[in-house]
Amino acid sequence: MAQTGTGMGFLASEIDQLKAHGLHRSLRVIGSANKPVFTVDGKEVINLSSNNYLGLTTHPKLIEASVKATQWYGVGSGAVRTIAGTMTVHEELERRLATFKHTEASLTFQSGFTANVGVLQSILKEEDVIISDQLNHASIIDGIRLSRAPRKIFPHKDMDGLEKVLKESQDARVRLVVTDGVFSMDGDIAPMPDIVNLAERYGAIVMIDDAHASGVLGKNGRGTVNHYGLDGRVQIQIGTLSKAIGAVGGYVAGDEVLRDFLIHMARPFLFSTSQPPGVVASCIAALDVLEQEPEIIDKLWDNTRFFKQKLTDLGFNTGHSETPITPVIVGEAHKAMELSDKLFERGVFAQGIGYPTVAQGQARLRTMISAAHTQEQLQTALDAIAESGRELGII
Ligand SMILES: Cc1ncc(COP(=O)(O)O)c(C=O)c1O
């Protein structure tokens, strides 16, 4: 039994529940840079758990840009954007992102999470409706909770379900359909052409959270909208600077009027200090890399195909993944955690994920492949996964 004598005992029984269900984890501590091989809790392991798709966290151009900007501007911006926290680098990054995403404008936030919350919380009113895919990311769910607009959920990627909700909500002033571009736990892609066609037919607008597609899908990593040739037909595109871009931050790309509105109304923008200048400069350098070295995106996809095919050949269930996010679905949470532990003993770091992050009975390892892995490293990891999977009777 967890014990506490500080008046916080009401949390102890909840912790006991997590332990009983095999869901209690301690934080793993990384002692080196985020690379394909790194140090976790003092042990050198192959990294299959990061969102550093292109290996940009340690790219020399990003590091150099970050150091130079830090030397010029200092380590922090010192204020929220609307007071004294907008530096020339913030505006330069926003111009670059708008050009990159083929939109009129963009606005950066401190994270992808705050970008989703800031938009969803602010733009709609009681007379509107938000229509959301059942498996959307937690930051979309929280943004919807903070909005005054009523919400309707459609089953995951179910276009009949979406059409039904669009028909039911014809009287609303504005209908906003919101979806992840790439779903973060399964790696499947939203059916954007169908979503956009339905939205246009019923006069709705569309918002996409492209956290896992920026730098991964589309020309030079422009994202899901560009991947499907839908530039100009999706009104709100959210991106993160924390995954393939390698640093931290989020952004909204869309019309100038959207940017202007968010500057006045998005609460994380108004009430939380802006991104540090060194971070912003490294994001600008990341866009240079995407434009000048697109071959790293090809390498990411080569590695992804190699790894996925081998896992499938071994008999693992990788679900419906279409992207580098590759789940190894094992069922019960304790089994996923045991598999993760066995892999760690064998020098491979792949975190187990269970309920409530994924549905009950769908616990998994969430493996992530990057452009920086060598095929030898991936093969070593595959051998360890196969051996551990056999020991646990998964394959
Ligand atoms: C689909 C999705 N949206 C948004 C986010 C939040 O992005 P960030 O880590 O930049 O806050 C994540 C990251 O976990 C994500 O997977």
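Above this text you will find the structure in question.
Not measured: the values here are computed from a predicted model.

Conventions we followed
- Residues numbered from 1 in each chain as written.
- Predicted model: local features only at pLDDT ≥ 70, side-chain atom pairs only at ≥ 80, totals over all residues.
- Heavy atoms only, no water.
- Near = heavy atom within 4 Å.
- Polar contact = N/O pair within 3.5 Å; in protein donor to acceptor, adjacent residues only side chain to side chain.
- Areas by Shrake-Rupley, 256 points an atom, 1.4 Å probe, with all protein chains shown as cover.
- Helix = DSSP H or I, 4+ residues; strand = E, 2+ residues; numbered from the N terminus.
- Contact = heavy atoms within 4.5 Å.
- Phe/Tyr/Trp six-rings, centres within 6.5 Å; stacked < 30°, edge-to-face > 60°.
- Buried < 20%, exposed > 50% of the residue type's maximum accessible area, 1.4 Å probe, protein only.
- Pairing = 2+ DSSP bridges.
- Axes fitted to C-alpha atoms, helices over the stretch in contact; angles between N-to-C directions.

**Student:** What am I meant to see in the site of the ligand here?
**Tutor:** Lining the immediate surroundings of the ligand are 15 residues, of which Asp209, His212, Thr240, Ser242 and Lys243 lie closest. Measuring from an oxygen atom of the ligand, one finds a backbone N or O atom of Gly112 at 2.8 Å. Here His137 contributes a side-chain N or O atom positioned 3.4 Å from an oxygen atom of the ligand. Contact with the protein chains covers 83% of the free accessible surface of the ligand, which is 390 Å². Ranked by the residues each element gives to the shell around the ligand, the list is headed by helix H4 (residues 112–123), at 3 residues.

**Student:** Whenever I open this one, the environment of Ser132 confuses me. Can you help?
**Tutor:** By the secondary structure assignment, Ser132 is in strand S4 (residues 129–133). The spacing of Ser132 and Thr179 is 47 residues in sequence and 6.2 Å in space, taken between C-alpha atoms. Apart from the residues lying within four places of it in its own chain, the contact partners of Ser132 are Ile140, Ile144, Lys152, Ile153, Phe154 and Val178.

**Student:** Looking at this model, I keep getting lost on the environment of Trp72. Mind explaining?
**Tutor:** Within the secondary structure layout, Trp72 lies in helix H2 (residues 60–73). Separated by 206 residues in sequence, Trp72 and Gly278 have C-alpha atoms that sit 9.1 Å apart.

**Student:** When you look at the packing of aromatic side chains in this model, what are you seeing that I'm missing?
**Tutor:** Aromatic ring pairs are reported here in terms of the distance separating the ring centres and the angle at which the planes meet. The full count for this structure, using the stated rule, is 3 aromatic pairs. A ring pair is formed by Phe38 and Phe349, whose centres lie 5.9 Å apart and whose planes are at 50°; its orientation type is tilted. Separated by 311 residues along the polypeptide, Phe38 in strand S1 (residues 37–40) and Phe349 in strand S11 (residues 348–349) bring together distant segments of the chain. When its relative accessible area of 3% is taken as the criterion, Phe38 is described as buried. Ring centres 6.3 Å apart and planes at 70° place the aromatic pair Phe344 and Phe349 in the edge-to-face group.

**Student:** What is the right way to read the pairing of strand S9 (residues 250–254) from this model?
**Tutor:** Strand residues, when the strand is regular, have side chains that alternate between the two faces of the sheet. Burial analysis of S9 places 5 of its 5 residues in the buried class, the great majority of the element. Here S9 shows a buried face lined by Gly250, Val252 and Gly254 and a second buried face lined by Tyr251 and Ala253. The pairing of strand S8 (residues 236–240) with S9 spans 5 bridges and is classified as antiparallel. Bridge pairing in S9 links Thr240 to Gly250.

**Student:** Help me understand the sheet that holds S11, please; the structure alone is not making it clear to me.
**Tutor:** Note: strands within a sheet are paired through backbone hydrogen bonds, in either parallel or antiparallel orientation. A sheet is described by the order of its strands in space; here 3 strands give the open sequence S1-S2-S11, paired in mixed fashion. Every interior strand has two partners, whereas the edge strands, S1 and S11, have only one. By the bridge criterion, 4 bridges tie S1 to strand S2 (residues 43–47) in an arrangement that is antiparallel. Bridging across to S2, Thr39 finds its partner in Glu44. This element, helix H14 (residues 375–391), spans S1, S2 and S11 of the sheet and lies at about 100° to S2.

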